[in-house]
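Overview (structure and organization)
What follows is the residue order along each chain.
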Amino acid sequence: MSTQHFDVLIVGAGLSGIGTACQISNEHPDRSIAVLERRERLGGTWDLFRYPGIRSDSDMFTFGYKFRPWHDLKVLADGGSIRRYIADTATEFGIDEKIQYGIKIVTADWSSAEQHWTVTAEHEASGDVRTYTCSFLISCTGYYNYDNGYLPEFPGEETFEGQCVHPQHWPEDLDYAGKKVVVIGSGATAVTLVPSMAGTADHVTMLQRSPSYVMSVPGLDKISKGLAKVLPDSPVYRFARWRNIAIQRGLYIACRRWPRTMRKFLLSQVRRKVGPDFDMSHFTPAYMPWDERLCAVPDGDLFRALAAGEASVSTGQIDTFTPSGIRLTSGEELEADIIVTATGLRVQMLGGMKLSIDGTRCELHDQMTYKGVLIEGIPNLAWVFGYTNAPWTLKSDIAGKYVCRLLQHMDDNGHAVATPRDTEGSALDMGMLDQLQSGYVQRAKETLPRQGSSGPWKVLMHYGKDSKMLLEEPIGDRHLELKGPVPANRYVAS
């Protein structure tokens, strides 16, 4: 069994993995790089999910890469367009030739003596075991399990005579024309599915245990469209990106600082869309804005479907599935030919990869994040995790740039190993996302890394502050241990 060696090994060929690979390849062209992807195509989330209406939940000027601007005026892009954008980016930077597909990472062990990682993987199509070594390992696997979404057990589900579908495993041949559909859930997936299926289906009911905040955003960036008539693409893009980052950050801060005022504002926007006779209890959450993520719908498409009578909302607890649908604890019966369980994700760190150092297992949830990119006590490992309160890619972009800066600093100073160390007892007994009350976060409390009380151990979720920390502050600090001579075989290609 031969071993392939690379200077940098990136796990995951989704939005983060391709973006990080492009930045490192561009700024460090002498380094050998490989991207290992479990699926047979790149794209990650945007290749996996195929349900009707799949789209971004952030505007594309900020969700796209800063180093390769998105110029389409559609604010929330469809999944196919996003996947093509990722693929085109990989081709432009030559990363498409560095991807190995069908590779499931099983373990990664750091050797202090050899100063490298040994990664064991399985080529799933053949069952062959493959081994890789690398000087620096980067996980860009997202945060959820691609094999299985979150699916609670429902009483009586075996009695239902129709079809049950989870959005993570959407059948390509599913025919819902003229059918009664119940979508269980009220998150981003549910509010996308309902208007997309409405009109084709006989009727679509969104069944929610409790309401979420849903806000309408413009489907088309009319400001950029106007500016594009008199200005080149570059300044139009820069202004749109700056404007949208400021709006997103301002909305988040306002929701945190003046929650009751923002609650009234958000609900008033819904009332204006659904009309005076709609029961607003279905869109009035018990929690304050941004205790969970806000859901965005382009041009209020969800509200239009409700106003047209093509869809409806039911709020309540499920008593049991029945042969013909769902009965709620209130006694209400919802008829269904198809039940879509948009019940969320099952959180998984590092794509299920098991980490060890010199043969001793280490768990991510026992460690803190350093600047939200490296992991306490783990050498030469970057973990790219985007924002939960802003477009994911804003953080993955600057995380990739930080890794480039770190690698350059190590080169310039003759270092081979970088390990964050908590020498001041900064660890808190709280996860990095504890401020969010979303179900998937609460279910993952024992999975996610922890955060610290101050400095680089504190998870900021703030693009401005993170940009300064990752892109401007010196690489070397008292928390980052840098040591070791550069190995003689530093630039051995695979």
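Residues numbered from 1 in each chain as written. Predicted model: local features only at pLDDT ≥ 70, side-chain atom pairs only at ≥ 80, totals over all residues. Heavy atoms only, no water.

**Concerning the overall build of the protein chain**
- Check the secondary structure of the protein chain and you find 12 helices and 25 strands.
- Taken over the C-alpha trace, the protein chain has a radius of gyration of 24 Å; the compact-globule value for 494 residues is 23 Å, and the two agree within 12%.
- By its C-alpha atoms, the protein chain is 70 × 55 × 45 Å across when sized along the principal axes.
- Looking at the protein chain as a whole, 55% of its 494 residues qualify as buried.
- In the protein chain, once contacts between residues fewer than 6 apart in sequence are set aside, the share between residues at least 24 apart is 71%.
- Working note: accessible area of the protein chain is about 21000 Å², and carbon and sulfur atoms make up 49% of it.
- When the 52 positive and 59 negative side-chain charges of the protein chain are each reduced to one mean point, those points stand 7 Å apart. (Helix = DSSP H or I, 4+ residues; strand = E, 2+ residues; numbered from the N terminus. Rg over C-alpha atoms; globule rule 2.2 N^0.38 Å. Buried < 20%, exposed > 50% of the residue type's maximum accessible area, 1.4 Å probe, protein only. Contact = heavy atoms within 4.5 Å. Areas by Shrake-Rupley, 256 points an atom, 1.4 Å probe, with all protein chains shown as cover. Lys, Arg positive; Asp, Glu negative; His and termini not counted. Charge placed at Lys NZ, Arg CZ, Asp CG, Glu CD.)

**Digging into the nonpolar core**
- Core analysis: the largest hydrophobic core is formed by 136 residues, its most contacted members being I18, W117, L137, I138 and F283.
- Per-element tally for this core: the top contributor is helix α10 (residues 392-413), with 10 residues.
- With residues up to four places along the chain from it excluded, the contact list for F283 reads P211, S212, V214, L267, V270, F278, L302, F303, L306 and V313.
- Membership of the second largest hydrophobic core comes to 11 residues, among which are L207, I326, L328 and I339. (Core = buried A, V, L, I, M, F, W, Y, C linked by side-chain atoms within 4.5 Å.)

**Describing the pairing of strand β5 (residues 116-123)**
- Bridging between strand β4 (residues 103-111) and β5 involves eight bridges; their strand directions are antiparallel. Following the sheet pairing, S111 is matched in β5 by H116.
- What sits between β4 and β5 in their antiparallel hairpin is a turn of four residues, with Q115 showing a positive phi close to 55°.
- Relative to strand β6 (residues 128-139), β5 is paired through seven bridges, and the arrangement is antiparallel. Residue pairing in the sheet places A121 in a bridge with R130 of β6.
- Counting the residues in the hairpin turn of β5 and β6 gives four residues, including G127, whose phi is positive at 85°. (Pairing = 2+ DSSP bridges.)

**As for the packing of aromatic side chains**
- Applying the stated rule across the entire model yields 23 aromatic pairs.
- For the pair Y143 and Y144, a centre-to-centre distance of 5.8 Å together with 85° between the ring planes defines the contact as edge-to-face.
- Residues F278 and F283 carry aromatic rings whose centres are separated by 5.8 Å and whose planes lie at 35° to one another, so their mutual orientation is tilted. An identical accessibility class is assigned to F278 and F283; each is buried.
- Through a chain of ring-to-ring contacts, the aromatic side chains of F49, Y51, Y143, Y144, Y146, W383, F385 and W392 assemble into a single cluster.
- Taking NZ or CZ as reference, R257 lies 5.6 Å from the ring centre of W258, over its face. (Phe/Tyr/Trp six-rings, centres within 6.5 Å; stacked < 30°, edge-to-face > 60°. Lys NZ or Arg CZ within 6 Å of the ring centre and 35° of its normal.)

**Comments concerning the side chain of T343**
- Topologically, T343 is positioned in the loop between β16 (338-341) and β17 (354-357).
- On the accessibility criterion, T343 (18% relative accessible area) is buried.

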